[in-house]
Amino acid sequence: MTTVREIFETMEYGPAPESDAEARKWLSSHEGVFGHFIDGTWSKAGKTFEVIDPSTAAVLARVSQGTKADVDAAVAAARRAFPAWKGLSGHARARHLYALAREVQKHSRLLAVVESMDNGKSIRETRDLDIPLVARHFYHHAGWAQLFESEFAGYASVGVVGQIIPWNFPLLMLAWKVAPALAAGNTVILKPAEFTPLTAVLFAEIAAESGIPPGVLNIVTGDGETGKLIVEHPDVDKIAFTGSTDVGRIIRRATAGSGKKLSLELGGKSPFIVYDDADLDSVVEGVVDAIWFNQGQVCCAGSRLLVQEGIADRLVAKLRARMEKLRIGRPLDKAVDMGAIVAPVQLERIRGLVQRGVDEGATMWQPSWACPTDGYFYPPTLFTDVQPSSTIAQVEIFGPVLVTMTFRTPEESVALANNTPFGLAASVWTESINLALDIAPKIKAGVVWINSTNLFDASSGFGGYRESGFGREGGREGMWEYVKPEKVETPNKTRGKARPGGREASAPNGARRAGQVPPINRTPQLFIAT
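If you're wondering where the values come from, they're calculated on a predicted model, not measured in any experiment.

Peer 1: Where do I start with the nonpolar core in this structure?
Peer 2: A general feature of soluble globular proteins is that nonpolar side chains tend to end up buried together. Counting 114 residues, the largest nonpolar core has F138, V274 and W292 as the members making the most contacts within it. Take this core: its biggest share by element is eleven residues, from helix α8 (residues 170-183). Excluding anything up to four places from it in sequence, V274 contacts L280, V283, L305, L306, V307, Q308, I311, L315, F407 and W429. Formed by 29 residues, the second largest nonpolar core is a distinct cluster that contains Y275, L306, M405 and V428.

Peer 1: Any chance you could explain the layout of surface pockets here in plain terms?
Peer 2: Where empty space is left can be seen by rolling a probe of water-molecule size over the atoms. Of the volumes computed, that of the largest pocket is approximately 1,000 Å³. If you trace the largest pocket, you find 39 residues lining it, with F241, G243, S244, T245 and V247 closest to the centre. Listed by contribution, the elements that provide at least two residues to the lining of the largest pocket are α10 (224-232), β10 (238-242), α11 (245-255) and α14 (344-359). Broken down by class, the residue content of the lining of the largest pocket amounts to 18 nonpolar, ten polar and eleven charged.

Peer 1: Sorry, what's going on with empty space enclosed by the protein here?
Peer 2: One pass over the structure, following the stated rule, counts six cavities of 30 Å³ or more. Roughly 90 Å³ of volume is contained in the largest cavity. Lining the largest cavity, in full, are L129, N168, F169, L172, M173, W176, E265, V298, C299, C300, F456 and F462. Of the residues forming the lining of the largest cavity, the biggest block, three residues, is contributed by α8. Class assignment of the residues belonging to the lining of the largest cavity gives a composition of ten nonpolar, one polar and one charged. If you go around the second largest cavity, you meet 14 residues; those closest to its centre are G296, A301, S303, E396 and F398. Taken together, the residues of the lining of the second largest cavity sort by class into eight nonpolar, four polar and two charged.

Peer 1: Help me understand helix α13 (residues 312-325), please; the structure alone is not making it clear to me.
Peer 2: An α-helix turns once per 3.6 residues; consequently, residues spaced three or four apart project the same way. Across its 14 residues, α13 extends 20 Å between first and last C-alpha, which sits within 8% of the 20 Å expected from 1.5 Å per residue. Along α13, the residues classified as buried are A312, L315, V316, L319 and M323. Seen end-on, α13 carries its buried residues on one side only, within an arc spanning 95°. Among the exposed residues of α13, those oriented more than 90 degrees off its buried face are D313, R314 and K325. Close packing links the buried residues of α13 with β12 (271-274), α12 (280-292), β13 (304-308), β14 (363-365), β15 (381-384) and β16 (401-407).

Peer 1: Is there a simple way to think about the sheet that holds strand β1 (residues 33-34) in this case?
Peer 2: Hydrogen bonds between backbone atoms are what pair the strands of a sheet, whose relative direction is either parallel or antiparallel. Within the open sheet, the three strands sit side by side as β1-β5-β4. Their pairing is mixed. Each of the sheet's edge strands pairs with one partner strand only, and the pair in question is β1 and β4 (48-53). Two elements, β1 and strand β5 (residues 58-64), share two bridges in a ladder whose sense is parallel. Looking across to β5, one finds that F34 is bridged to V63. The strands that helix α9 (residues 198-210) touches are β1, β4 and β5; relative to β5, the one it contacts most, it runs at about 55°.

Peer 1: Explanation requested: the packing of aromatic side chains in the structure shown.
Peer 2: Aromatic rings considered in pairs are described by the distance between their centres and by the relative angle of their planes. Enumeration over the complete set of coordinates arrives at 16 aromatic pairs. Aromatic side chains F37 and W42 sit 5.1 Å apart centroid to centroid with 55° between the ring planes, which places their arrangement in the tilted category. Taking the centre distance of 5.8 Å and the plane angle of 65° together, the rings of W144 and F152 count as edge-to-face. Judged by relative accessible area, which is 13%, W144 ranks as buried. By way of ring pairs, the aromatic residues W144, F148, F152, Y155 and W480 are connected into one cluster. It is R93 that lies over the ring of F148; its NZ or CZ is 5.4 Å from the centre.

Peer 1: Would you mind showing me how to read the side chain of H140 here?
Peer 2: Mapped onto the fold, H140 is located in helix α6 (residues 123-146). The class for H140 is buried, based on a relative accessible area of 16%. A polar side-chain atom of H140 sits 2.9 Å from a polar atom in the side chain of W144. Beyond its immediate stretch of four places on either side in the chain, H140 contacts A458, S459 and G475.

Peer 1: What exactly am I supposed to notice about α11 here?
Peer 2: Residues of α11 that are buried include every one of T245, G248, I251 and T255, and no others. For α11, the angular spread of the buried residues around the axis is 115°, confining them to a single face. In α11, the exposed positions angled more than 90 degrees off the buried face are occupied by D246 and R253. Once α11 finishes, G257 follows within two positions and takes phi at roughly 80°, a positive value.

Peer 1: Help me understand the environment of E481, please; the structure alone is not making it clear to me.
Peer 2: Mapped onto the secondary structure, E481 falls in the loop between α18 (475-480) and β20 (483-485). Note on E481: relative accessible area 15%, which makes it buried. As for E481 and V158, which are separated by 323 residues in sequence, their C-alpha atoms are 8.8 Å apart. The contacts of E481, once residues within four sequence positions are left out, are V158, K238, K261, L262, S263, G471 and R472. At 3.3 Å, the side chain of E481 forms a polar contact with the backbone nitrogen of R472.

Peer 1: It is not clear to me how the pattern of salt bridges should be interpreted in this structure. Could you clarify?
Peer 2: Opposite charge on two side chains permits pairing when their charged atoms draw close. A full pass over the atoms with the stated rule returns 24 salt bridges. Of the charged contacts, one joins R127 and D128 as a salt bridge, the two residues approaching to 2.7 Å between their closest N and O atoms. The residue R327 makes a salt bridge to D337 at a minimum N-O spacing of 3.6 Å. Here R327, found in the loop between α13 and α14, pairs with D337, found in the loop between α13 and α14; they are ten residues apart in sequence, far enough to count as distant.

Peer 1: Just to check I follow, could you spell out the state of the cysteines for this structure?
Peer 2: Working definition of a disulfide: a covalent bond connecting the sulfur atoms of two cysteines. All told, the structure shown has zero disulfides when counted by the stated rule. Left without a disulfide partner, C299 is nearest to the cysteine sulfur of C300, which lies 4.6 Å away. Looking at C299, the relative accessible area reads 13%, which means it is buried.

Cut-offs and rules
- Residues numbered from 1 in each chain as written.
- Predicted model: local features only at pLDDT ≥ 70, side-chain atom pairs only at ≥ 80, totals over all residues.
- Heavy atoms only, no water.
- Core = buried A, V, L, I, M, F, W, Y, C linked by side-chain atoms within 4.5 Å.
- Buried < 20%, exposed > 50% of the residue type's maximum accessible area, 1.4 Å probe, protein only.
- Helix = DSSP H or I, 4+ residues; strand = E, 2+ residues; numbered from the N terminus.
- Contact = heavy atoms within 4.5 Å.
- 1 Å grid on protein atoms, 1.4 Å probe; cavity = no way out; pocket = protein on both sides within 12 Å on 5 of 7 lines; lining within 4 Å.
- Points joined across faces, edges and corners; volume = space filled by probe spheres on them.
- Nonpolar A, V, L, I, M, F, W, Y, C, P; charged D, E, K, R; others polar.
- Expected span 1.5 Å × (residues − 1).
- Arc of directions from axis to C-beta.
- Pairing = 2+ DSSP bridges.
- Axes fitted to C-alpha atoms, helices over the stretch in contact; angles between N-to-C directions.
- Phe/Tyr/Trp six-rings, centres within 6.5 Å; stacked < 30°, edge-to-face > 60°.
- Lys NZ or Arg CZ within 6 Å of the ring centre and 35° of its normal.
- Polar contact = N/O pair within 3.5 Å; in protein donor to acceptor, adjacent residues only side chain to side chain.
- Salt bridge = Lys/Arg side-chain N within 4 Å of Asp/Glu carboxyl O.
- Disulfide = S-S within 2.5 Å.

Limitation: the analysis is restricted to geometry and does not speak to function.
In structure tokens form, the structure reads like this:
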């Protein structure tokens, strides 16, 4: 038996598992099978597919494959709910969003565990980052709902919004999209990724408990075919998509000429630039957060390490020493740094691109320890001697793989940083504020962090350009994606009786006066989740 003295001498971490009992209980309450959440009710499951725990390859649940009839029903429900939801005062919508935020906090432990089981990321990340940010987005956008009439005067809700989210941050991406859409008075049909639908399903339950009106939020599960049905539906007014650049191109072509509003947050190959005056110990921890956070499955991951020549060898040596100390294992172990890759297809893609890098002449290095044999795990990987034109320097790997290149001058660093078709994010590390302020605006990226990386907040717009897409999520910038200029329409062109200023007629329960608000408890309480 290990003694306390031996533990202090070795500083070895023992297992610290988070209980999955409540998550298993929730899955069992549905018998492990889920339908779609449409018009405030759950549909009966039709054809289903399996949802797999990436850390064990075990089946967690089965969810329904969305069909044309399912999408039609969801769009019809959203269209029916739209006049009443739009007709609510900003204050009333704010109360609904505030209630959603509080329900997320109340169920935070359950949401964090289900997210880790479903996605494979560590419980530390879901518990300490993802779920708090989800609540933060709903709180923040409750404020925009409250101020909607004054801050967006002359603008109106877009209408029915179709949203398609990826598998790397399932619940956080839901919050990024649903919160501003609801705050602006739109109704939503959301399709989660087929690999990770469980937290979206759980969120739908929580939303119903919070009192969200039927039809305002609809969740339809399925694969890419279901997403295609949403994109091509003629009664959807806007599409918001986060995912790969290849799929983004397909959606752009499909919506061209349709009149649908569109926002795309796509891939990235973000540069992580280190100058010779940087604090290298801080840089090492920054790299860990940039590329090995969420197993590198991050659109803005700092996957290209650009280092000034004079410090390259020292930094690489420090990185290798740090990589040896990273802990990889079951996501529900609180002592683990890295969890599992989301699915076998993604694991094979990572392996294939790593082998391509070796074949093209780059030098690969991995820690001496072995990955768990159960589940879909891949070790942190470092490439040196990489050519700027090589495949691994240009293609988004979306895994825990870092490629390193060197430069001599600041001008060369900018040229290397911009030598990519993407433009999502970048990170600059230097002790010189003058150098940082000179370099940052020259980098073609939507977000540039200085001596930091992966900093997100609901009040700050995030997004890219070039092949990283267009549009912003978060802050005032993100709200603009869900509004349109308000027009005065003649009565025969409106779906209902025309209102002064061109607003559509509200359903009887669509109160617009601030005094007529839903009976939602909004006391400033925080919850200790069970």
